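So the chains spell out like this:
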Amino acid sequence: MSAFDAGAARGTDATARTPRAKGTALFEVTRVARALGAEFVARLTPPTRNVVEGTVLAGSWYPETVLRELLEGLADDVERRRLGRLQARKDLESVYRSLFRAGDLLGTLSTFPMLWSLYHDSGAALFERCAAAHVRLSVRGFALPSAALCAFTAGWLQSAAELATDAPARVDETTCRTRGADRCVFEVRGHGA
Ligand SMILES: [Zn+2]
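Everything quoted here is computed from the prediction, not taken from an experiment.

Parameters at a glance
- Every residue gets a number counted from 1 within its own chain, in the order that chain's sequence is written.
- Totals for whole chains, interfaces and linings use every residue, but because this is a predicted model, local features are given only for residues with pLDDT of at least 70 and side-chain atom pairs only at 80 or more, for both listing and counting.
- The secondary structure listing takes helices from DSSP runs of H or I that are at least 4 residues long and strands from runs of E that are at least 2 residues long, numbered from the N terminus.
- Values of the radius of gyration come from C-alpha atoms, whereas the globule rule sets the reference at 2.2 Å times the count of residues to the power 0.38.
- Any residue with 12 or fewer other C-beta atoms within 10 Å of its own C-beta is exposed, any with 20 or more is buried, and the rest are partly exposed; the C-beta atoms used are placed from the backbone.
- Each residue gets a C-beta atom placed from its backbone, and two residues are in contact if those atoms lie within 7 Å.
- At least two bridges found by DSSP between two strands are what make those strands a pair.
- To obtain each axis, a line is fitted to C-alpha atoms, and for helices this fit is confined to the stretch in contact; angles are then taken between N-to-C directions over 0 to 180 degrees.
- What counts as a domain boundary in this text is fixed by an automatic or database domain assignment.
- Reported orientations rely on four angle classes, namely roughly parallel under 35 degrees, roughly antiparallel over 145, roughly perpendicular from 65 to 115, and oblique for the rest.
- Here is the rule for handedness: rotate from the far helix to the near one, and if that takes an anticlockwise turn smaller than a right angle the crossing is left-handed, while a clockwise turn gives right-handed.
- What makes a nonpolar core is a set of buried Ala, Val, Leu, Ile, Met, Phe, Trp, Tyr and Cys residues, with links drawn between C-beta atoms within 7 Å.

Caption draft 1: Here's a closer look at the overall build of the chain. Summing up its helical and strand segments, the chain has nine helices and six strands in all. By the compact-globule yardstick of 16 Å for 193 residues, the chain fits well, its C-alpha radius of gyration being 16 Å. Considered along the principal axes of its C-alpha atoms, the chain spans approximately 50 × 35 × 30 Å. In the chain, which comprises 193 residues, the share counted as buried stands at 42%. Of the contacts made within the chain by residues no fewer than 6 positions apart, 65% connect residues no fewer than 24 positions apart.

Caption draft 2: Geometry of the sheet that holds strand β5 (residues 170-175). Taken in spatial order, the four strands line up as β3-β4-β6-β5 in an open sheet, and their pairing is antiparallel. With partners counted over all chains shown, the strands left at the sheet margins are β3 (124-131) and β5, one partner each. Put simply, the sheet's adjacent strands are angled 20° from each other on average, direction ignored. Relative to strand β6 (residues 184-189), β5 is paired through five bridges, and the arrangement is antiparallel. The partner of Arg170 across the bridge, within β6, is Arg189.

Caption draft 3: How the structure looks around the domain arrangement of the chain. Domain annotation of the chain identifies domain 1 (3-74) and domain 2 (100-189). Summarising the inter-unit geometry, the C-alpha centres of domain 1 and domain 2 are found 19 Å apart.

Caption draft 4: Main features of the packing of helix α2 (residues 27-36) against helix α5 (residues 64-72). Viewed as axis vectors pointing N to C, α2 and α5 meet at an angle of 50°, and their least axial separation amounts to 10 Å. In terms of orientation, α2 and α5 fall into the oblique class. Relative to α5, the crossing made by α2 is left-handed. When α2 is examined against α5, the residues Val29, Thr30 and Ala33 are found in contact with a partner set consisting of Leu67, Leu70 and Leu71.

Caption draft 5: Region of interest: α2. Buried residues of α2: Glu28, Val29, Thr30 and Ala33, and no others. The first or second residue beyond α2 is Gly37, which carries a positive phi of 105°.

Caption draft 6: Looking closely at unusual backbone geometry. Phi at Asp166 is positive, roughly 55°, even though this residue is not glycine. Along the polypeptide, Asp166 turns up in the loop between α9 (147-165) and β5.

Caption draft 7: The arrangement of the nonpolar core in detail. Membership of the largest hydrophobic core comes to 47 residues, with the highest contact counts inside it found for Leu67, Leu137, Leu157 and Val188. At eleven residues, the largest contribution of residues to this core is made by α9. Per-domain counts for this core show at least three residues from each of domain 1 (3-74) and domain 2 (100-189). If near-sequence neighbours (up to four positions away) are discounted, Val188 is found in contact with Leu109, Val135, Leu137, Leu157, Ala161, Ala169 and Val171.

Caption draft 8: Layout of the packing of helix α4 (residues 46-53) against α5. Interaxial distance between α4 and α5 falls to 9 Å at its minimum, and their mutual angle equals 85°. When the axes of α4 and α5 are compared, the pair comes out roughly perpendicular. Across the interface between the two elements, Pro47, Thr48 and Val51 of α4 pack against Val66, Glu69 and Leu70 of α5.

Caption draft 9: Local environment of the environment of Val66. Along the polypeptide, Val66 turns up in helix α5. Exposure remark for Val66: the 25 C-beta atoms within 10 Å place this residue in the buried category. With 105 residues separating them in the primary sequence, Val66 and Val171 have C-alpha atoms 25 Å apart.

Caption draft 10: Representation of the pairing of strand β4 (residues 134-140) in the model. Across seven bridges, β3 lies against β4 in antiparallel orientation. Pairing of Ala131 across the sheet is with His134, part of β4. Two elements, β4 and β6, share six bridges in a ladder whose sense is antiparallel. Bridged to Val135 within β6 is Val188.

Structure follows, in structure tokens:
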């Protein structure tokens, strides 16, 4: 069994319990939720409202449903991608700085499988190099598939690629669990791809 399959199997096991997201994945989305005001916060389910009204700790784990509910409550995928981009920039310049490779698109994105497991306790990500500036990242076995999280993840990857190359990048999610596939696949194309 490859490490990827082992991770995916671990994700399958995770469906038996509450899947969780790390506090780092919640910083930007909870900040925006607070900024949207009391009316937005009042409509949230109690567990999510508690997180928004409390202090999010970078190293703590929270129910994955909190992240999904907040992302789904945002206006649209443009906003979800924007938040993913902000989160990547914040994390790759601070808490996960050691995983960032300046000037190196492939090196930076090759750390995404490790980053996935820092942000989420289910599922596993696989890195594949397709060309000099084209990378394919796949996520399997995630316990709570959500198109909203995929948009956030696409934004995260775009920002990571752009920070690494200091040039525009493009991310397309070509296959998605929420569209019946067995995995989500993100094609990342950096400058010149
Ligand atoms: Zn997806």
